[in-house]
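Okay, here's what each chain looks like letter by letter:
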Amino acid sequence: MGTSTAVRPLSQADLDDTVALLDRDPCLDVFVGARVHASGLAPTRLAGELWGYYEENRLRSLCYSGANLVPVAATARAARTFADLAVRRGRRCSSIVGPADAVLSMWDLLRPEWGPAREVRACQPVMALASAPAVAPDPLVRRVRPDEIDVLLPAAIAMFTEEVGVSPTATDGGAYYKARLTELVRAGRAFARFEDGEIVFKAEIGAVTPHACQVQGVWVRPERRGERLSVGGMAAVVEHALREIAPAVTLYVNDFNVAARGAYRRVGFTEVGRFATVMF
């Protein structure tokens, strides 16, 4: 006898089951966890749709569908089901990102329908730290003030363009990107080291849940790379985050970025999983 399965959009009535599933691996599922905790699954605040995959009437897996397509705790069968649903809905996302096995399984099924990806990054270690950093924090790294957004923005655009391969200003002149950056600054989640009025190191804390937060946008001015600014800088960000934001700090990094992975290990981060990203 086959297993009874179903997939459907989740609503506020499903919040408790959804949070319980996300909390099983809170350092891996920070992005979707942040959306769920912030929105309470209210459709107007979720900025997308959350699909639930059920086996024998029990919620087993999730997939967030919005600007990104993000599977959570997706079994092989759930990944296939989510891919089938995504095909029927049509591509609305700019990337598929999440645990590598699920993302790559989904992409195998989606590729014939969605066409070639701009890039597939098949191995991105997820790293986490839930204790004091192993090195001294850089005392010059501090929160970016709201009146410094115009100094932060060029560094953030340079980071995004280098990391993603396209500029965040390409579609709307960067209005959305600047608005999101401004939001992080006002929330006290953007950090930088300033020298002579310029930023030489920066990082932001993007997604936040009660259990973990996710660092993003780590960048060192190109001519200053090799000076280990990212080691002390990340230690400072971790110290701030653990004291004031969440009990664990996470990030994910491209496997080919050997320097960054080494810097994070020196700070004390350890690998807790693997992501993959398909970019369009």
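This text goes with the structure placed above it.
Here the structure is a predicted model, which means the values were calculated and not measured.

## Concerning helix α5 (residues 100-114)
Stage number 1. The principal kink in α5, of about 40 degrees, is found at aspartate 108, preceding the proline proline 112 by one to four residues.
Stage number 2. Along α5, the residues classified as buried are Ala100, Ala102, Val103, Met106, Trp107, Leu110 and Trp114.
Stage number 3. Buried residues along α5 sit in contact with β3 (58-65), β4 (68-72), α4 (76-89), β5 (95-99), β6 (119-129) and β12 (270-279).
Stage number 4. Just downstream of α5 lies glycine 115, where phi reads positive at about 80 degrees.

## Some details on helix α1 (residues 15-22)
For an α-helix the count is 3.6 residues per turn, leaving residues at separations of three or four pointing the same way.
Stage number 1. Here α1 has its buried residues at Thr18, Val19, Leu21 and Leu22. Along α1, the residues classed as buried sweep out an arc of 160 degrees about the axis, all on the same side.
Stage number 2. In the core, the buried residues of α1 are packed alongside α2 (30-39), β2 (49-55), β3 and β4.

## Structural notes on the sheet that holds β3
Stage number 1. Strand order in the open sheet made by the twelve strands is β1-β2-β3-β4-β5-β12-β6-β11-β10-β9-β8-β7, with mixed pairing throughout. Two strands in the sheet have a free side with no partner beyond their single neighbour: β1 (5-9) and β7 (141-143). If you compare each strand with its neighbour and ignore which way they point, the axes differ by 25 degrees on average.
Stage number 2. Sheet analysis places β2 next to β3, joined by seven bridges and oriented antiparallel. Along β3, the bridge assignment pairs tryptophan 51 with cysteine 63.
Stage number 3. Packing against the sheet, helix α7 (residues 175-186) makes contact with β8 (190-195), β9 (198-208) and β10 (213-220), and its axis sits at approximately 85 degrees to β9.
Stage number 4. Where helix α8 (residues 229-244) meets the sheet, it contacts β6, β7, β8, β9, β10 and β11 (249-252), and its direction lies at approximately 35 degrees from that of β9.

## A short note on the packing of aromatic side chains
Stage number 1. Going through the model one piece at a time under the given rule, you end up with eight aromatic pairs.
Stage number 2. Relative to phenylalanine 275, the ring of tyrosine 252 lies with its centre 5.0 Å away and its plane at 55 degrees, an arrangement referred to as tilted. With tyrosine 252 in strand β11 and phenylalanine 275 in strand β12, the pair connects residues that are 23 residues apart, well separated along the chain.
Stage number 3. By relative accessible area, tyrosine 252 is classed as partly exposed at 33%.
Stage number 4. Classification of phenylalanine 275 as buried rests on a relative accessible area of 7%.

Conventions and cut-offs
- Residues numbered from 1 in each chain as written.
- Predicted model: local features only at pLDDT ≥ 70, side-chain atom pairs only at ≥ 80, totals over all residues.
- Heavy atoms only, no water.
- Bend = angle between axes of the 7 residues up to and from the residue.
- Helix = DSSP H or I, 4+ residues; strand = E, 2+ residues; numbered from the N terminus.
- Buried < 20%, exposed > 50% of the residue type's maximum accessible area, 1.4 Å probe, protein only.
- Contact = heavy atoms within 4.5 Å.
- Arc of directions from axis to C-beta.
- Pairing = 2+ DSSP bridges.
- Axes fitted to C-alpha atoms, helices over the stretch in contact; angles between N-to-C directions.
- Phe/Tyr/Trp six-rings, centres within 6.5 Å; stacked < 30°, edge-to-face > 60°.

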